[in-house]
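So you can see what is in the structure, the chains are spelled out below.
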Amino acid sequence: MLTPHSEAELAECIAAAHAPLHIIGGGTRGCAVAGDALTTQGLSGVELYEPGSLTLVAKTGTPLAEIETLLASEGQRMAFEPMDMRGLLGCSGAPTIGGAFAVNSSGPRRIQGGAARDYLLGVRFVDGSGQVIKNGGRVMKNVTGYDLVKLMAGAHGTLGVLSEVSLKVLPIPEASATVSLAVANLAVAVQAMSAALGSPFDVTGAAYDPAVGLVHIRLEGFAPSVAYRQEKLTADLARFGTAETRHSSEALWQDIGFVAAFAGRVGDVWRISVKPSDAPRLAPLLGAEALQFDWGGGLIWALTPEGADLRTCMAQAGVMGHATLVRGSGETLATLGRFQPQVRPLEEISKGLRQRFDPRGLLNPGLMDTASMTPGVMG
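Just so it is clear, the structure is predicted and the values come from calculations on it, not from any experiment. (Residues numbered from 1 in each chain as written. Predicted model: local features only at pLDDT ≥ 70, side-chain atom pairs only at ≥ 80, totals over all residues. Heavy atoms only, no water.)

(A) Molecular detail of the nonpolar core. Membership of the largest hydrophobic core comes to 42 residues, with the highest contact counts inside it found for Ile 217, Ile 272, Leu 282, Leu 286 and Ile 300. Looking at which element gives the most residues to this core, the answer is helix α7 (residues 186-197), with eight residues. Other than its neighbours up to four places away in sequence, Ile 300 contacts Trp 270, Arg 271, Ile 272, Val 274, Ala 279, Leu 282, Leu 286, Leu 291, Gln 292 and Phe 293. With 31 residues, the next largest nonpolar core counts Phe 80, Phe 101, Leu 159 and Val 169 among its residues. (Core = buried A, V, L, I, M, F, W, Y, C linked by side-chain atoms within 4.5 Å. Buried < 20%, exposed > 50% of the residue type's maximum accessible area, 1.4 Å probe, protein only. Helix = DSSP H or I, 4+ residues; strand = E, 2+ residues; numbered from the N terminus. Contact = heavy atoms within 4.5 Å.)

This is the structure we're talking about:
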C-alpha cells in the first residue's frame, strides 16, 4: 500500500504511477476498486484552528474523531454530521476528514444547514498528472474558485486526491429537543414532516422510523427559543398524532444518520434520493425488509434481499431520483453498479472533467463511469 506522508510524496506517487490507483482514506466506505491502494492516512494533523473565526484547516488523513474532540473542547462542531459507515458496512478503520468530503457525507441536518460541500472553504489536491492544485481560501469571505472547491466534494477521488481541506465549523447549540410523533403510516408521516419543515420553527432534522411508527423532529438553539418552538410545534403537529418530547436525543440522531438499525442485518442496502411526496408511492414497491426515512422523506434507506434492482422499481413507478447501492455482494455490484447511471448531458460533462483532471485514467477507475462529479447529485 502506498502511504505518502506529505503532499510532495503524494504528488510523486501519482506522477510515477503507471497503473490504476485505489484511493482510500480510513478504508471505511466499502468502495473498493481495482488498482494499487494509495491511502491518505499518512497525511494527518490539524494545521490551523481558529475558534473565533470558525475555521479549521486539516490534512485529509486526519481522523474525524480527532477533529471532533478538538472542536468539542471549544464548544464547536462540524454541523454537516458526517456519516460513520463502519456499523452499516461491517468494516474497521477510522473515518477521515478527507473521506467525508470526498463523498460529500451529509447527515440529518442537511435539510436545514446544507451538505458537507457547503462547509468546505478551500482545498489542496493532487490531480491525475501529479500536479498540486490549490483552490479556495481559509475564510468564508474568500470565494476564489469556489466552484472547483465544491466540485471536489462528492467526486469520490476520481478527479484528484485531496491533501488538505479548509472548513467552516459552528458552535454547538445551547439546547436541543426532539418532538416524536406516533403516526399511522408513511403518507401521514411525510405530511407531518413537511408541515414541520414548512413551519417557522427552524427544524434541523425530520426523520421517520416505520419499525416503531415514530416521526422525529429536531429543534436546536438557545434554550428559551428551543422551549418556545417545541411547545408551538407540538401544538401545531397534534393533528397528525400523539407527541412526546425528549431533551437528550443526540444518540437518536446519530443512529438515524449512521443507519444503525441496518447494522449486522443480512441483505443489500440502498440509499435513495427522491421528492418527499414520492416516498409513500415508491416505498411499498421496493420489497424492502426494512426502511428508514430522513430529510423529510426525501432520503430513503432500504434493506432488501440480495440482488434486488431498486432502480427498475423506481422506473416502473415513474419516480425520478437517484438510487445508490451502498452495500451489496460483488456479483450484485458488478451487475447493477454502485451509482445511479447519469443522463447523457451529465455523463458528457463528467467525462470531460475526468479527462481534464485525470487524463491517464488512474484515480479510482472502477468508479469513473458511474460516480457523479456534478455538485448536488450524489448527496
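(B) Quick look at the pairing of strand β11 (residues 203-209). Burial analysis of β11 places six of its seven residues in the buried class, the great majority of the element. Where β11 and strand β12 (residues 214-221) come together, six bridges link them in antiparallel fashion. Across the sheet, Val 203 pairs through a bridge with Leu 219, a residue of β12. (Pairing = 2+ DSSP bridges.)

(C) Layout of the layout of surface pockets. Considered as a void within the structure, the largest pocket measures approximately 850 Å³ in volume. Lining of the largest pocket is provided by 33 residues; of these, Glu 68, Arg 77, Glu 81, Glu 250 and Gln 254 occupy positions nearest its centre. Secondary-structure elements contributing two or more residues to the lining of the largest pocket are α2 (64-72), β5 (76-77), β10 (175-182), β12 and α9 (250-258). Taken together, the residues of the lining of the largest pocket sort by class into 16 nonpolar, eight polar and nine charged. (1 Å grid on protein atoms, 1.4 Å probe; cavity = no way out; pocket = protein on both sides within 12 Å on 5 of 7 lines; lining within 4 Å. Points joined across faces, edges and corners; volume = space filled by probe spheres on them. Nonpolar A, V, L, I, M, F, W, Y, C, P; charged D, E, K, R; others polar.)

(D) Summary view of helix α13 (residues 344-357). A rise of 1.5 Å per residue sets the reference length of α13, with its 14 residues, at 20 Å; its end C-alpha atoms lie 20 Å apart and thus fit the reference within 8%. Those residues of α13 that fall on the buried side of the exposure criterion are Ser 350, Leu 353, Arg 354 and Phe 357. Projected down its long axis, α13 carries its buried residues within an arc of 100 degrees, all on one side. Residues Arg 344, Pro 345, Gln 355 and Arg 356 are exposed on α13 and point more than 90 degrees away from its buried face. (Expected span 1.5 Å × (residues − 1). Arc of directions from axis to C-beta.)

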